[in-house]
Amino acid sequence: MSTEPTPNPHATAEEVEAARHDSKLAQVLYHDWEAEQYDDKWSISYDERCIDYARGRFDVIVPASERSRPEPLYDRALELGCGTGFFLLNLMQSGVARRGSVTDLSPGMVKVATRNGKNLGLDVDGRVADAEGIPYEDNTFDLVVGHAVLHHIPDVELSLREVVRVLKPGGRFVFAGEPTTVGNFYARRLADLTWKTTVAAMKLPGMGSWRRPQEELDENSRAAALEWIVDLHTFEPRDLERMAANAGAVQVSTASEEFTAAMLGWPVRTFESTVPPGKLGWGWARFAFRSWTTLSWVDANLLRRVVPKGWFYNVMVTGVKPS
Ligand SMILES: C[S@@+](CC[C@H](N)C(=O)[O-])C[C@H]1O[C@@H](n2cnc3c(N)ncnc32)[C@H](O)[C@@H]1O
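Residues numbered from 1 in each chain as written. Predicted model: local features only at pLDDT ≥ 70, side-chain atom pairs only at ≥ 80, totals over all residues.

### Notes on helix 12 (residues 260-274)
With 15 residues, helix 12 should reach 21 Å at 1.5 Å per residue; the first-to-last C-alpha distance of 22 Å fits that figure. Residues A261, A262, G265, W266, V268, E272 and T274 constitute the buried set of helix 12. Among the structural elements, helix 8 (181-202) and helix 13 (281-301) are those in contact with the buried residues of helix 12. (Helix = DSSP H or I, 4+ residues; strand = E, 2+ residues; numbered from the N terminus. Expected span 1.5 Å × (residues − 1). Buried ≥ 20, exposed ≤ 12 C-beta atoms within 10 Å, placed from the backbone. Contact = placed C-beta atoms within 7 Å.)

The following block contains the structure:
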């Protein structure tokens, strides 16, 4: 596999058809198509807001004894399925790692993540890499991370075995942002309902300025047809624990987050992706973020006591390579 990112952001109808029977081709086409707009689409930034979010996920699951070491906590870190670099670049900015390697199956994503890392002045290199066959030597990294990637990988246990292989003895992995089976059920339905309602509302008289241009909608719907193919799994927390242990990890644990926050977050993100970019403005962004933060607090501090772990939307898993 080439290490030079050469993206293909405009998949033809024939390529999309071929990708229906090839989940890895679907990953590449879909994520190459998304790469340059991805940060805007998902409101990803590299400032305090997303640094705190990424570090917050890390702190939820990594033991305090490891977090209290002098920063940077780890020397060399790897991210799998980095996308635009949201998780590792923000973790590095928060003092988690000194050097980072951002990798993804999509060349378009590697290109954007490497560019983002350089723009932030971080010590980062990028490589096109399949998480099922990580192109690095055994015992290379002190930390391996991923965000919203495991559910795209056909053989998750194989990938976790690869993670354990490239970690140094005593090294840690942290995967966050994976959908639970129950969470995915309600999130998908809420997102679908929002999409249909918004598209119908945009067709009403006087809503012309809220509609996206037809060519954009056509290309969006061609690539978005792949969205259903690229999402391969949802997880029960105990299944992730089992796979990590089978892969050879020790000190494995999971945590889950976002219940009412996900019920708000999915409709909000779907609505944002339906209207022209920039149309909603900062007032909306502030409202959405504050509402999400408030509901996340309610989930973490009140609902956690009564709602089963598997009903929260996001699950994360960590483990260590035996010394
Ligand atoms: C939902 S995106 C998440 C991106 C980023 N981690 C984030 O949270 O913003 C999933 C990413 O995983 C990548 N991916 C899918 N299958 C992969 C595989 N087998 N190996 C490596 N990356 C993969 C996709 O190309 C995509 O960039």
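So that's the structure; there's more coming.
### Notes on the UniProt feature "domain: Methyltransferase type" (unreviewed entry) in the protein
The UniProt record annotates "domain: Methyltransferase type" (unreviewed entry) at residues 78-175. Annotated as residues 78-175, this span is 33% helix and 33% strand, and its ends, taken at the C-alpha atoms, are 12 Å apart. (UniProt positions renumbered as here; feature names shortened; annotations may be inferred.)

### Points about unusual backbone geometry
Cis geometry marks the peptide bond from E71 to P72; its omega dihedral reads -5°. In this fold, P72 is placed in the loop between helix 4 (64-67) and strand 1 (74-79). Backbone geometry places A148, a non-glycine residue, at a positive phi of 55°. With respect to the helices, strands and loops of the structure, A148 is situated in the loop between strand 4 (141-147) and helix 7 (156-166). Since 18 C-beta atoms lie within 10 Å of it, A148 is described here as partly exposed. One non-glycine residue with positive phi stands out, namely Q251, at about 50°. Summarising the element assignment, Q251 is placed in strand 6 (residues 250-257). Residue class for Q251 comes out exposed when judged on the 12 C-beta atoms lying within 10 Å of it.

### Section: helix 2 (residues 23-41)
Along its 19 residues, helix 2 runs just 23 Å from first to last C-alpha, ending more than 12% under the 27 Å computed at 1.5 Å per residue. The largest bend along helix 2 measures about 65° and falls at A35. Listing the buried residues of helix 2 in full gives A26, Q27, V28, L29, Y30, H31, D32, W33, E34 and A35. Of the residues flanking the end of helix 2, it is S43, one or two places downstream, whose phi is positive at about 50°. (Bend = angle between axes of the 7 residues up to and from the residue.)

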